[in-house]
Amino acid sequence: MSRGPAPARFSLNQETVRQWSMPELVGGCVAAGVGAVGLWRDPVREFGLRETAKLVAGAGLRVSSLCRGGFFTAADPAGRAAALEDNRRAVEEAAELGADVLVLVSGGLPDGDRDLVGARRRIVDVLGELAPWAAAHGVRLGIEPLHPMFASDRCVVSTLGQALDIAEQFPAHQVGVVVDSYHLWWDERLPAGLHRAGAGGRIASVQVADWVTPLPEGVLLGRGQLGDGCIDLRAFRELADSAGYRGPVEVEIFHPGLWARDGAEVLREVIDRYREHVA
């Protein structure tokens with residue numbers, strides 16, 4: 001059984017208990033003493049943006065992140081314009097929810113394209129328009145580097161260094177980075193990268209999940225429950241803290257096994273695992 005309210009910095013990402021409706025998510029977090037949630041755009045739209053904002057605020061919950069914007073790498077003008085328009089909507093949604101950060105998954109290579117450098121350059125081009133727009137709405141953008149296995153189809157930004165190279169072209173209050181254990185645990189440059197990010201005030205969000213092998217087919221749903229894999233999650237959190245991060249630590253796990261279980265039971269387990277392996 002979970003021992004009392006969740007730790008103060010604990011945040012529950014909505015996808016960890018995606019079987020819950022929005023009211024169930026909010027009610028479950030309140031019952032468990034969780035103070036912050038990370039939300040996703042699709043379920044927010046399904047329940048209603050204004051309705052979600054009212055529900056979350058009325059429960060006294062903080063929105064630690066909204067996921068996701070991004071997918072900036074289209075090479076054609078129409079694709080670029082569509083991405084910019086969708087991200088402007090995402091900024092407006094984040095502002096309505098009072099989210100701390102809009103998480104950006106930057107996008108993979110367009111069909112037939114093999115130019116990683118060019119794709120990263122297009123991210124900068126779109127951010128040149130989006131970042132001031134977001135700042136005017138009080139929303140900070142967070143570039144999330146994803147594990148290199150996602151470079152072709154989801155995110156050409158694979159390391160913290162690459163994310164910082166992009167973010168540092170904009171003011172820190174406009175663009176930061178999202179630091180996720182699942183994507184970055186393997187990189188020996190992580191301590192130096194976190195120090196660089198912290199020195200520049202660039203750490204917008206910290207997320208945790210474990211790495212369990214063998215990965216499932218499709219790999220996207222391979223995030224492991226805290227403590228089930230090979231990541232030293234407490235050391236990861238301590239590295240972020242040593243770089244000056246003091247914000248929420250968001251548990252984001254995509255795993256069908258968790259989604260098939262009772263949501264309240266999953267949340268209790270996640271909080272206990274967080275205490276044991278992260279806090």
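Let us now look at the sheet that holds strand β1 (residues 10-13). Strand order in the closed barrel made by the eight strands is β1-β2-β3-β4-β5-β6-β7-β10, with parallel pairing throughout. Here the average twist between neighbouring strands, direction ignored, is 30°. Across four bridges, the pairing between strand β3 (residues 62-70) and strand β4 (residues 101-105) is parallel. Opposite L66, over in β4, you have L102 as the bridge partner.

Turning our attention to the pairing of β4. Within β4, five of the five residues are buried, which leaves it mostly tucked inside the rest of the structure. For the crossover from β3 across helix α4 (residues 77-97) to β4, the handedness is right-handed. Taken together, the four bridges between β4 and strand β5 (residues 140-143) define a ladder with parallel strand orientation. Along β5, the bridge assignment pairs L104 with I143.

Checked against the element boundaries, S64 lands in strand β3. Residue classification places S64 among the buried residues on the basis of a relative accessible area of 5%. Considering only alpha carbons, one finds S64 and D165, 101 residues apart in sequence, at a separation of 24 Å. With near-sequence residues (within four places) excluded, S64 lies in contact with S11, A36, V37, G38, D100, V101, P248 and E250.

Where helix α3 (residues 49-58) contacts α4, the axes come no closer than 9 Å and their chain directions differ by 30°. When the axes of α3 and α4 are compared, the pair comes out roughly parallel. Remark: the crossing between α3 and α4 carries right-handed chirality. Residue-level inspection shows L49, R50, T52 and A53 of α3 in contact with α4, the latter providing E93, E96 and L97. Broken down by class, the residue content of the contact of α3 with α4 amounts to three nonpolar, one polar and three charged.

Counting residues in hydrophobic clusters, the biggest one holds 81 residues, and the most contacted among them are F10, L39, L127 and L141. Examining the composition of this core, we find that eight residues originate from one element, helix α5 (residues 116-136), more than from any other. L141 has contacts with V91, V101, L102, L104, L127, L130, A131, A134, Q174, V175 and G176, leaving out every residue within four places of it along the chain. W40, C67, V103 and W259 belong to the second largest nonpolar core, which has six residues in total.

A two-sided burial pattern is seen for β1, the buried positions comprising F10 and L12 on one face and S11 and N13 on the other. Relative to strand β10 (residues 249-251), β1 runs parallel, the two sharing three bridges. Counterpart to L12 in the pairing with β10 is V251. Where β1 meets strand β2 (residues 36-40), three bridges bridge the pair, whose relative direction is parallel.

In this section: the pattern of salt bridges. The full count for this structure, using the stated rule, is 22 salt bridges. A salt bridge links R89 to E85, with the shortest nitrogen-to-oxygen separation between them at 3.7 Å. Of this pair, R89 and E85 both sit in helix α4, four residues apart, roughly one helical turn. Among the charged side chains, a network of salt bridges with common partners joins R41, D42, R45, E85, D86, R89 and E93.

Calculation criteria
Residues numbered from 1 in each chain as written. Predicted model: local features only at pLDDT ≥ 70, side-chain atom pairs only at ≥ 80, totals over all residues. Heavy atoms only, no water. Pairing = 2+ DSSP bridges. Helix = DSSP H or I, 4+ residues; strand = E, 2+ residues; numbered from the N terminus. Axes fitted to C-alpha atoms, helices over the stretch in contact; angles between N-to-C directions. Buried < 20%, exposed > 50% of the residue type's maximum accessible area, 1.4 Å probe, protein only. Right-handed = clockwise from strand over helix to strand, strands pointing away. Contact = heavy atoms within 4.5 Å. Parallel < 35°, antiparallel > 145°, perpendicular 65-115°, else oblique. Left-handed = near helix turned anticlockwise from the far one by under 90°. Nonpolar A, V, L, I, M, F, W, Y, C, P; charged D, E, K, R; others polar. Core = buried A, V, L, I, M, F, W, Y, C linked by side-chain atoms within 4.5 Å. Salt bridge = Lys/Arg side-chain N within 4 Å of Asp/Glu carboxyl O.

These figures come from the coordinates and say nothing about function on their own.
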